[in-house]
Amino acid sequence: MKNGIYLFLAILLYSNGSFAQLKPIQYKDGIQVLNGFQIQPSKKSQQKPGILILPAWMGIDKLSKDTAENLANLGYYAFVADIYGEGNYPKDYSEAGKNAGFYKTNFLEYQKRISLALEQLIRSGANPDNIVVIGYCFGGTGTLEVARAHLNVKGVVSFHGGLGRDSKRIIEPITAKVLVCHGADDPYESKEEIAAFQQEMRETKADWQMIYYANAVHSFTNPESGNDNSKGAAYNEKAAKRSWEHMKLFLNEVLKK
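Residues numbered from 1 in each chain as written. Predicted model: local features only at pLDDT ≥ 70, side-chain atom pairs only at ≥ 80, totals over all residues. Heavy atoms only, no water.

**Q** Just to check I follow, could you spell out the packing of aromatic side chains for this structure?
**A** In this description, a pair of aromatic rings is defined by centroid distance and the angle of the planes. One pass over the structure, following the stated rule, counts ten aromatic pairs. Judged by centre distance (4.6 Å) and plane angle (10°), the ring pair of Tyr110 and Phe138 falls under stacked. Here Phe138 lies in helix H5 (residues 138-148) and Tyr110 lies in helix H4 (residues 107-123), a separation of 28 residues in the sequence. Relative to Trp208, the ring of Phe197 lies with its centre 6.1 Å away and its plane at 80°, an arrangement referred to as edge-to-face. Here Phe197, found in helix H6 (residues 191-203), pairs with Trp208, found in strand S8 (residues 208-213); they are eleven residues apart in sequence, far enough to count as distant. Phe197 sits in the buried class, given a relative accessible area of 1%. A connected cluster of aromatic rings, assembled from ring pairs, spans Tyr84, Phe102, Tyr103, Tyr110 and Phe138. Residue placement shows Lys65 over the ring face of Phe37; its charged tip is 5.2 Å from the ring centre. (Phe/Tyr/Trp six-rings, centres within 6.5 Å; stacked < 30°, edge-to-face > 60°. Helix = DSSP H or I, 4+ residues; strand = E, 2+ residues; numbered from the N terminus. Buried < 20%, exposed > 50% of the residue type's maximum accessible area, 1.4 Å probe, protein only. Lys NZ or Arg CZ within 6 Å of the ring centre and 35° of its normal.)

Here it is, written out as structure tokens:
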């Protein structure tokens, strides 16, 4: 099954006869060193659309870097954000849970790290008024924080991301378009949390979509998640491909190329 997704990614990468390459970029939040990756599109356009990628809770991984390369070959500037920074990269799931939990609770810090990464995307050449933010799992949670923070983006895409928010937070209008790609059998999102998120979208008068994928649990886009749904996180090739196509439709709608 893994071979199928790698072939799928390879076709995306080479379909236009050229390919772009990732470049490591070091930047800072005060004295904290951050290490992201940028990539420029194989074929540039006057509109210079940009995509910021927020990784899952283990930090920058193969999926986020592969995504950046594939987006570059579709004509987008892309930047993979480093949320944790040097000295704070998790060694295991326990550390990842603590790190991600900090930023979910201290959402202003999360929004700040995302803003710094957006600056790097713009410095790489992307049009500051023509950007979408996408994210996986913990990064999917981050995309919703982008929308809630009213950062200057056209839209956000959450892949199997956390949808929760502190009920004490003030609900304000959301102007960025929102796409949520969600596993229908994801055990980490309760019916109550999903209902609260959808009510938030209604109250904010957001332009939002939420697409469910059958037989898909958490982390369904990541081939390294295995294929055992009983573990709560597993790869689903069909859901991965469908959500990628749904994201492309969304990008074509909200970004100028």
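Here the narrative resumes.
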